Amino acid sequence: MPAGFLIRAGISKIVPTSSPIIVEALALREAILMAYNLQWNHCVFELDNLQLIRACRKEISIRVIQAIVRDVLTLEEGFLLCGFLWTQSWDLLHKDVMAAHSSGILV
């Protein structure tokens, strides 16, 4: 299995909003910006929000996150490989627990 890194950090700013998709889009933008600044060339971002992934793949347009998605797509151009992968919420939780266990955070 190829080695990789897991970005496990919250966004650095608190932004008041009542829309979950805005919060998820902001978190994605923060993660892709972090990977870009770390000069990673190959990244896959796993999300459990299929609408957000479809917006990042330019399959649909969601008005409330258009500017954020535009930022994400601009940053995406700086990678050799950049993808957005949908995964079920419980699967993300399982991967987080397994990563924490293998790194010694959980015993």
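Residues numbered from 1 in each chain as written. Predicted model: local features only at pLDDT ≥ 70, side-chain atom pairs only at ≥ 80, totals over all residues. Heavy atoms only, no water.

Chemist: Any chance you could explain the overall build of the chain here in plain terms?
Modeler: Along the backbone of the chain there are 4 helices and 2 strands. Out of the 107 residues in the chain, the part that is buried amounts to 28%. Of the contacts formed within the chain by residues at least 6 apart in sequence, a portion of 72% connects residues at least 24 apart. Element-wise, carbon and sulfur atoms account for 59% of the exposed surface of the chain, whose accessible area totals about 7600 Å². (Helix = DSSP H or I, 4+ residues; strand = E, 2+ residues; numbered from the N terminus. Buried < 20%, exposed > 50% of the residue type's maximum accessible area, 1.4 Å probe, protein only. Contact = heavy atoms within 4.5 Å. Areas by Shrake-Rupley, 256 points an atom, 1.4 Å probe, with all protein chains shown as cover.)

Chemist: Explain the state of the cysteines here, please?
Modeler: Each disulfide consists of one covalent bond between the sulfur atoms belonging to two cysteines. Applying the stated criterion across every chain yields a total of 0 disulfides. Take Cys56: it sits in no disulfide, and the sulfur closest to it among the cysteines is that of Cys82, at 8.7 Å. This cysteine, Cys82, is not joined by any disulfide, and Cys43 carries the nearest cysteine sulfur, 6.1 Å off. (Disulfide = S-S within 2.5 Å.)

Chemist: Quick question: what am I supposed to make of helix α3 (residues 66-76) here?
Modeler: Spacing of three or four residues puts side chains on the same side of an α-helix, whose turn is 3.6 residues. Those residues of α3 not exposed but buried are Ile68, Val69, Val72, Leu73 and Leu75. Projected down its long axis, α3 shows its buried positions confined to an angular sector of 160°, all on one face. Looking at α3, the residues exposed on the side facing more than 90 degrees away from the buried face are Arg70 and Thr74. Those residues of α3 that are buried lie in contact with α1 (20-37), α2 (50-56) and β2 (81-86). (Arc of directions from axis to C-beta.)

Chemist: Help me understand the pattern of salt bridges, please; the structure alone is not making it clear to me.
Modeler: Pairs can form between side chains of opposite charge whenever their charged atoms are close. If you walk through the whole model with that rule in mind, you get 2 salt bridges. Close ionic contact of Glu59 with Arg54 constitutes a salt bridge, the shortest N to O distance being 3.1 Å. Using a relative accessible area of 29% as the deciding quantity, one classes Arg54 as partly exposed. (Salt bridge = Lys/Arg side-chain N within 4 Å of Asp/Glu carboxyl O.)

Chemist: Any chance you could explain the packing of α1 against α3 here in plain terms?
Modeler: In helix packing, the relevant descriptors are the interaxial angle and the interaxial distance, both defined with respect to the helix axes. Put simply, α1 and α3 touch, their axes get as near as 9 Å, and they point 20° apart. Here α3 runs roughly parallel to α1, going by the angle between their axes. The way α1 lies across α3 gives a crossing that is left-handed. The residues of α3 that touch α1, namely those facing Ile22, Ala25, Leu26, Leu28, Arg29, Ile32, Leu33 and Tyr36, are Ile68, Asp71, Val72, Leu75 and Glu76. For the contact of α1 with α3, the residue count by class is 10 nonpolar, no polar and 3 charged. (Axes fitted to C-alpha atoms, helices over the stretch in contact; angles between N-to-C directions. Parallel < 35°, antiparallel > 145°, perpendicular 65-115°, else oblique. Left-handed = near helix turned anticlockwise from the far one by under 90°. Nonpolar A, V, L, I, M, F, W, Y, C, P; charged D, E, K, R; others polar.)

Chemist: So what exactly am I meant to see when it comes to unusual backbone geometry here?
Modeler: Residues apart from glycine generally show negative phi values, whereas peptide bonds are mostly found in trans. With phi around 60°, Gln39 is a residue other than glycine that occupies positive phi space. For Lys58, which is not a glycine, the phi torsion comes out positive at approximately 65°. Topologically, Lys58 is positioned in the loop between α2 and α3.

Chemist: Looking at this model, I keep getting lost on α1. Mind explaining?
Modeler: The end-to-end C-alpha distance of α1, which contains 18 residues, comes to 26 Å, matching closely the 26 Å that a straight helix rising 1.5 Å per residue would cover. Among the residues of α1, those classed as buried are Ile21, Ile22, Ala25, Leu26, Leu28, Ala31, Ile32 and Ala35. The secondary structure elements touched by the buried residues of α1 are β1 (42-47), α2, α3 and β2. Two residues or fewer past α1, Gln39 is found with a positive phi of approximately 60°. (Expected span 1.5 Å × (residues − 1).)

Read these as layout, nothing more, since geometry by itself doesn't imply function.
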